[in-house]
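# Results of the structural survey
Here's the letter readout for the chains.
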Amino acid sequence: MSIEDTTLPFKLPADWRSTFVGNEFFLTLGKMLDADKNVGVPKPYLGNKSVRWGRIDINDLSLIKLTPSDLHRYRLADGDLLVCEGGDVGRSAIWSGQLEECYFQKALHRVRSRGGYSAVLLRYLLEFYSKTGFLLNFATQTSIAHLPKDKFEVMPLPKPSMGEQKAIAGALSDADTLIDELERLIAKKRLIKQGAIQELLTGRRRLPGFSDSWVKKVLPELAEIRSGGTPSTTNSELWDGDIAWCTPTDITALKGNRFLSQTSRYITELGLRKSAAELLPAGTIVMTSRATIGECAIAMIPMSTNQGFKNFISRPGIDRDFLFYLLSAQKIGFIELCSGSTFLEIGMSQLRKYHVRVPSNTRACRQLSRMMIEANCTAARKVDFSLS
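Everything quoted here is computed from the prediction, not taken from an experiment. (Residues numbered from 1 in each chain as written. Predicted model: local features only at pLDDT ≥ 70, side-chain atom pairs only at ≥ 80, totals over all residues. Heavy atoms only, no water.)

### Considering the pairing of strand β3 (residues 41-46)
- Inspection of the sheet shows β3 paired to strand β6 (residues 62-66) by five bridges, in the antiparallel sense. In the strand pairing of β6, P42 is matched with K65.
- Sheet topology places β3 next to strand β9 (residues 103-104); two bridges connect them, and they run parallel. When the bridges of β9 are listed, Y45 appears paired with Y103. (Pairing = 2+ DSSP bridges. Helix = DSSP H or I, 4+ residues; strand = E, 2+ residues; numbered from the N terminus.)

### A short note on the sheet that holds β9
- In space, the three strands of this open sheet follow the order β6-β3-β9, with mixed pairing throughout. The open sheet has two edge strands, β6 and β9, and neither has a second partner.

### Examining the sheet that holds strand β16 (residues 239-246)
- Spatially, the three strands line up as an open sheet ordered β18-β16-β21, and their pairing is mixed. In this open sheet, the two strands that pair with only one neighbour each are β18 (265-267) and β21 (303-305). Across the sheet, the axes of successive neighbouring strands diverge by a mean angle of 70°, strand direction being ignored.
- Here four bridges tie β16 to β18, and the two strands are oriented antiparallel to one another. Across the sheet, W239 pairs through a bridge with I267, a residue of β18. (Axes fitted to C-alpha atoms, helices over the stretch in contact; angles between N-to-C directions.)

### Side note on helix α3 (residues 119-132)
- In a regular helix each residue adds 1.5 Å, so 14 residues correspond to 20 Å; α3 covers 20 Å between its end C-alpha atoms and thus fits that length.
- Along α3, the positions that sit buried rather than exposed are A119, L121, L122, R123, Y124, L125, L126, E127 and Y129.
- The N-capping residue of α3, defined by a side-chain oxygen 3.3 Å from the backbone nitrogen of V120, is S118. (Expected span 1.5 Å × (residues − 1). Buried < 20%, exposed > 50% of the residue type's maximum accessible area, 1.4 Å probe, protein only. Polar contact = N/O pair within 3.5 Å; in protein donor to acceptor, adjacent residues only side chain to side chain.)

### Considerations on the packing of aromatic side chains
- All told, the structure shown has nine aromatic pairs when counted by the stated rule.
- A centroid spacing of 6.1 Å and a plane angle of 45° characterise the contact between F128 and Y129, whose relative ring orientation is tilted.
- The class of F128 is partly exposed, set by a relative accessible area of 41%.
- Ring pairs connect the aromatic residues F10, F128, Y129, F134 and F138, which therefore count as one cluster.
- Its guanidinium or amino end placed over the ring of Y124, R123 lies 4.3 Å from that ring's centre, counting from NZ or CZ.
- Here the guanidinium or amino end of R265 rests over the ring plane of W239, the centre of that ring lying 4.1 Å away. (Phe/Tyr/Trp six-rings, centres within 6.5 Å; stacked < 30°, edge-to-face > 60°. Lys NZ or Arg CZ within 6 Å of the ring centre and 35° of its normal.)

### Re the environment of T268
- Turning to its location among the elements, T268 is positioned in the loop between β18 and α8 (269-273).
- For T268, the residues in contact, after removing those within four places along its chain, are E237, L238, W239, D240, G241 and I243.
- There is a polar contact of 2.8 Å between the side chain of T268 and the backbone oxygen of E237. (Contact = heavy atoms within 4.5 Å.)

### Remarks on a nonpolar patch on the surface
- A surface patch of nonpolar side chains, amounting to about 360 Å² of accessible area, comprises L178, L182, L185 and I186.
- Position of L185 relative to the elements: it lies in helix α5 (residues 162-201). (Patch = residues over 30% accessible without salt bridge, like charges linked within 9 Å, V, L, I, M, F, W, Y side chains within 5 Å. Areas by Shrake-Rupley, 256 points an atom, 1.4 Å probe, with all protein chains shown as cover. Salt bridge = Lys/Arg side-chain N within 4 Å of Asp/Glu carboxyl O.)

### Regarding helix α9 (residues 320-328)
- In terms of burial, α9 is largely enclosed, as eight of its nine residues are buried.
- All of the buried residues in α9 are D321, F322, L323, F324, Y325, L326, L327 and S328.
- For α9, the N-terminal cap is D319; the gap from its side-chain oxygen to the backbone nitrogen of D321 is 3.3 Å.

### Description of the confidence of the model for the chain
- Scored by pLDDT, the chain has a mean of 87; 87% of the residues are at 70 or more.
- For the stretch residues 1-5, pLDDT sits under 50, and the model shows nine contacts to residues farther than four places along the chain or on other chains. (pLDDT = per-residue confidence, 0-100.)

### As for the pattern of salt bridges
- Counted under the stated rule, the structure contains 15 salt bridges.
- One salt bridge in this structure joins D80 and R112, with 2.8 Å as the shortest N-O distance. In this pair, D80 is assigned in the loop between α2 (68-73) and β7 (81-84) and R112 in strand β10 (residues 108-113), connecting sequence segments 32 residues apart.
- Its relative accessible area of 2% is what places D80 among the buried residues.
- Look at R112 and you get partly exposed, because its relative accessible area is 30%.
- Between R123 and E127 there is a salt bridge whose closest N-O contact spans 3.1 Å.

If you want it as structure tokens, here you go:
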């Protein structure tokens, strides 16, 4: 490790000093898990998966056998900082007595203050170092990253006075508490709004000015349904052209985003002609229909898809966003169409017979889709548009 690696990545105020983790904390790696060799009394222990950024999950803890000396060496105390040694190195949280008695295994460092440095402040510094990449200077990388004790001990730290350390840690903790409270409030408001949207989408509650009935329709009444295809992978003339070619991986990579504006692979015009792939207009709703069922996105550019899709071009007068939410809500129903098959796939003939309920008034469809967009309504996928 070079001298640059142990230099702080920012300039200190004049009245702050620099120090190292090993100067300020006792570091202990946890107990090695070995069912054949571990003996003693079974006790609950924390592993890597239990320690998240800023919190500790004590659900589903396993037991480890510990000897009398192990019980003394590996017992956690209030204020201990637990730091992941492997994987997401540096991920850390403070132990605050969530259980009366608990221990920790070798995937974790226990970091215990020598008395002159706040463990809470160190936790925030580790999160900062992780997000800025500075922490990687102290990690070793094989198949997964590790944070060895010897490198952890020489990690540099800024050292304000203890009073200022506590003030900084307190301010950051207060900010975390406020964020948690706001997130709970937002989640509560979103549930209330989503509940209202569910009632609106099923017609149980009506918007002011809309009293028309809801009607039963088959999907082809709402959209033209197209399929996809794959050009021969052995003919290079069919690939790396200018036509976006969508696969299910492109959809899952969106992680819930509605819009698809690029794909990982492209085909040529010859590839389009020599396969079952079709060029779909921008605004088409592409939906996975093989293996992964019912994942939808709105194509923002003209594109084609492979055969693992059924694609919906909305009919005149059918609101595109409403159709997107309508199709997204059918995931369970679409999966049920595949029941009895060893390989999940929806056929074109099945979709052409699939019924849904929709408002007879197209203006109501547009109003509902706007409400869902404004609410960022993840619950729209669970709304019941079925006939039951």
